[in-house]
Amino acid sequence: MDKFIIEGGNRLCGAVQTQSAKNSVLVLLAASILTEEQVTIENVPHISDVLHMSEILQKLGADVCFADGNVTISSGNAAERDLSSHLTRELRSSVFMLGSVLTRFKHARISYPGGCDIGLRPIDLHLFGLKKLGVKTEERDGYIVCNAEKLVGANIHLDFPSVGATENIILASVKAQGETVITNAAKEPEIRDLQDFLNQMGAGVRGAGTDTIVVRGVQRLHGTRFTPIRDRIEAGTFLIACAMCGGEVCVEGVKRQNIAALINKLSENTCKIHIENDKIYIRSNGKLRSNRHIETLPFPGFPTDLQAQMTSLNSIAAGACILTENLFETRFRHVPELIRMGADITVKDRTALVRGVERLHGAVLSAEDLRGGAALTLAALCAEGKSEVCNLSHIDRGYDGLDKKLRAVGAKIERVRA
Ligand code: UD1
């Protein structure tokens, strides 16, 4: 398996183009089988989650073709409804296939889904929503067997604004009879992107981005060509990298409103930020003040997917920060690795107390999950001396060429075969 070799201590300068949003592309791929016609998603990142998702589509019988950075899905011949392969165990997004497979084939079988090992990640809200639409579910030998002979619109109130459950309910209701109203829906920008994509295919979805989404079922969806929004988490990772290393970087492609919670926090760290349309300019002298409190929340709150990177930042900022992780139970797996670099962090339950130290020192580190791996990479970039970040398969799930992009703005980072 590959690893990063990183020589810390270089300032970052230059511009970074962000990739399309991983969490958008994955759900759009799931949605692509809602029509038998051809769907093209433009500018897809070369990341393993996308490759796994395409393999799931292929297993269903779809043709998936990558060319010039785009992916084209033709699912006219798709007929398989069994999602219970080893792939679905690896990739949590496979659960999003449930809604579209049920709409298309009226039947599905999945094994309990996998994904990053960052907590329990139950799917009760997904199943609750699907049942409301008329899906009959049954658990058999570790599989969930679903039947949806007739999908009928319903009023569905989610106890928690789950991103995946909101998306799955939309996918299962686009062709249902009548209207579906989802209240306390997730408001993440990727859900708005799904709405735009589906409406381009002829669906009747409105309200995404607010907490009430209304889906008017339609008879038929047709093919389309779509460019997804850019990745706010990748953009955030680069902004935090520049804050920590010092320098001047322009991150291109992400709209302010999609990343406002991070911008507020970076301003507290004394970074200078200037925004022009979808270009975010950050200037940092590397001497940071800590955030007093960061609490992860559903959008528009502070994203859990940037919590690990902000743990790294606060570990070298002056002062102390209380970091509360409200979304996932075990999302502090980067902390023991940061402590090995000299960080002063205490974790109790869902809260980490991060006391800033003067500097971190290089170490051999292991990425234990996607964002934790990015956090360790950033810590290594500003640490004294040399570090190795191993277990890159986690980072490869979500970042397309992280090392290349960092090198282009002046970081000393190489990817080598371990
Ligand atoms: C999505 C994102 C992930 C991000 C997360 C929160 C994708 C592919 N992944 O994950 O990057 O970190 O949103 O912004 O888009 N929950 C339940 N029951 C359910 C569903 C969720 O209890 O049926 C809980 C989860 O355990 C978790 C919380 O709700 O504590 C948030 O999960 P959810 O919003 O569903 O996240 P994902 O869709 O899995």
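Residues numbered from 1 in each chain as written. Predicted model: local features only at pLDDT ≥ 70, side-chain atom pairs only at ≥ 80, totals over all residues. Heavy atoms only, no water.

K.L.:
Before we go on, may I ask you to explain the overall build of the protein chain in this structure?
P.N.:
Each helix and strand in the protein chain was counted, giving 14 helices and 24 strands. Here the C-alpha atoms of the protein chain give a radius of gyration of 21 Å, agreeing with the 22 Å that 2.2 N^0.38 yields for 418 residues. Projected onto its principal axes, the C-alpha positions of the protein chain cover 60 × 45 × 40 Å. Burial statistics for the protein chain: of 418 residues in total, 57% are counted as buried. Residue pairs in contact within the protein chain that sit at least 24 positions apart in sequence constitute 72% of those at least 6 positions apart. (Helix = DSSP H or I, 4+ residues; strand = E, 2+ residues; numbered from the N terminus. Rg over C-alpha atoms; globule rule 2.2 N^0.38 Å. Buried < 20%, exposed > 50% of the residue type's maximum accessible area, 1.4 Å probe, protein only. Contact = heavy atoms within 4.5 Å.)

K.L.:
So what exactly am I meant to see when it comes to the environment of Gly 286 here?
P.N.:
Within the secondary structure, Gly 286 is located in the loop between β17 (279–284) and β18 (293–295). A residue is classified by how much of its surface remains accessible, and Gly 286, at 23% relative accessible area, is partly exposed. Each C-alpha atom of the pair Gly 286 and Asp 403 lies 20 Å from the other, and the pair is 117 residues apart in sequence. In contact with Gly 286, not counting residues within four places along its chain, are Ala 243, Met 244 and Gly 246.

K.L.:
How should the site of the ligand be read in this particular structure?
P.N.:
Taken together, 20 residues lie near the ligand, and Asp 124, Leu 125, Ser 162, Asp 305 and Leu 327 sit nearest. Here Asn 23 contributes a side-chain N or O atom positioned 3.0 Å from an oxygen atom of the ligand. Within the backbone of Leu 327, one N or O atom sits 2.3 Å away from an oxygen atom of the ligand. Alone, the ligand offers 740 Å² of accessible surface; in the complex the protein occludes 88% of this. Counting residues per element, the ones that place at least two in the shell around the ligand are α5 (124–132) and α6 (163–173). Top element by residues in the shell around the ligand is α5. It accounts for three residues. (Near = heavy atom within 4 Å. Polar contact = N/O pair within 3.5 Å; in protein donor to acceptor, adjacent residues only side chain to side chain. Areas by Shrake-Rupley, 256 points an atom, 1.4 Å probe, with all protein chains shown as cover.)

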